[in-house]
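These are the residues of each chain, in order.
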Amino acid sequence: MSHTEARRGPSHFDASQSPATSTRAFMPGRSLRQGAKVLPEHARGHNRSLVLQTLFHQGAMSRADLSRETGLTRVTISDLVAELIADGFVAEIGVREASGPGKPAILVDLDHAGHRIVGLDLSGSDTFIGAVLTLDGGIVARREVAVPDADALVDTVVELARALVADSHAPVLGIGVGTPGVVDDRGVILTAPNFGWAGFDLEGALRGALGVPVLVANDANAAVLAEYTFGGAPDDVLLVKVGRGVGSGLLLAGQPMRGSRFAAGEIGHVTVGTDGGPQCACGKVGCLEAWLSVPSLTSRLSAAADPADHEGILRDAGERLGIALAPVVGALDVSEIVLSGPPELLGGSLAEQTVETLRARTLAPSVDEGVRVRMTEQGQDIVLRGAAVMVLSGQLGVS
């Protein structure tokens, strides 16, 4: 687990909320010492989140340490820790090595074995991937199934989730799902052309079949949460996810940006350039996805008779990506862009050309302060771990 700075405060999680509403709670980017007033009826849930958030990012500490870090009284901390131990979210892990007179302090930490999270990644071209994760994002079990025909999609997803719940061998805190398509804030897939879904309540279908809290989000939006929580990304970051399609997830001031129609980040069908280009699956010509998706890039590289042409193909794709991203960077002052996808395609020449294009098309405060472009270190598990962050945030107020 990456114990990042305490700048990432808890979500406003109200323990009285039902799972269906509480899973909407992801609101990082706040100080642990809250300045805003917390209503009395929300205080206990807020304080539970505060304790869990502190342990999540800073690791094991004593009750006295928790009191100092959170600003809560020692009596309140003792009461909350006892409750969280009883609920299976916190555990005593031993005593701190004595450094002076007096009784050594007992350390407490998240109980990583007390609960599990199930994550599903439906963004693959050939397979759906699922995993059982610990509360700190570690993967303890994994399953894959082939992407079925359209008429078997829902049954396949439900059975994959059911098998992973059985693999958990601990209470399941919730199920997080990252899927292609435009997803609203109730987990309804408004449109996912590759699956033939329109207005489909995947969240409700899973919750009804399995009886546990469920959160469904666009796969790129899930991925950027993983990069923020586990990958050390700053509060303002754009993640570009390249696979069968091209999409992006955006955080500003640590807040997910979804847009008025839940389609923020849908950059794949932005036209890049005025020189025509390949036909896109959407019917337009020259969409970013038609240049940059893994199938499109792989096909052009394979068709190149001279391997020396590969460099030019990758640089051209990087330039197109830079053209699409420049207005976003200029308008929102994003400091970092993270690329998620095959590193052999996106790293190296493609990323370098993206940086050059962004520098040429945006205004940076100085030569050394331009936007940073890098590959994620989360690998193929980024959507699974982002799905876990959604559940952690919604159920525990941790992000």
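Residues numbered from 1 in each chain as written. Predicted model: local features only at pLDDT ≥ 70, side-chain atom pairs only at ≥ 80, totals over all residues. Heavy atoms only, no water.

### Quick word on the overall build of the protein
- A count of helical and extended segments in the protein gives 13 helices and 16 strands.
- At a minimum sequence separation of 6, the contacts of the protein that also span at least 24 residues come to 62%.
- Carbon and sulfur atoms provide 52% of the accessible area of the protein, an area that totals close to 16,800 Å². (Helix = DSSP H or I, 4+ residues; strand = E, 2+ residues; numbered from the N terminus. Contact = heavy atoms within 4.5 Å. Areas by Shrake-Rupley, 256 points an atom, 1.4 Å probe, with all protein chains shown as cover.)

### Here's the deal with the sheet that holds strand β15 (residues 336-340)
- Read across the sheet, five strands follow the order β14-β13-β12-β15-β16 without closing on themselves; strand pairing throughout is mixed. A strand with exactly one partner marks an edge of an open sheet, and here the two such strands are β14 (255-256) and β16 (372-375).
- The strands touched by helix α10 (residues 309-332) are β12 (237-242), β13 (246-252) and β15; relative to β12, the strand with the most contacts, the crossing angle is about 160 degrees. (Pairing = 2+ DSSP bridges. Axes fitted to C-alpha atoms, helices over the stretch in contact; angles between N-to-C directions.)

### Quick notes on the pattern of salt bridges
- Within this structure, the stated rule accounts for 21 salt bridges.
- Of the charged contacts in the structure, one is a salt bridge between Arg68 and Asp65, with a shortest N-O distance of 2.5 Å. Pair noted here: Arg68 and Asp65 are both in helix α3 (residues 63-70), with a separation of three residues, about one helical turn.
- In this structure, Arg186 and Asp184 form a salt bridge, with 3.1 Å as the shortest nitrogen-oxygen distance.
- Accessibility expressed as a relative area gives 7% for Asp184, which makes it buried.
- A network of salt bridges, in which partner residues are shared, links Arg44, Arg48, Asp79, Glu83 and Asp87. (Salt bridge = Lys/Arg side-chain N within 4 Å of Asp/Glu carboxyl O. Buried < 20%, exposed > 50% of the residue type's maximum accessible area, 1.4 Å probe, protein only.)

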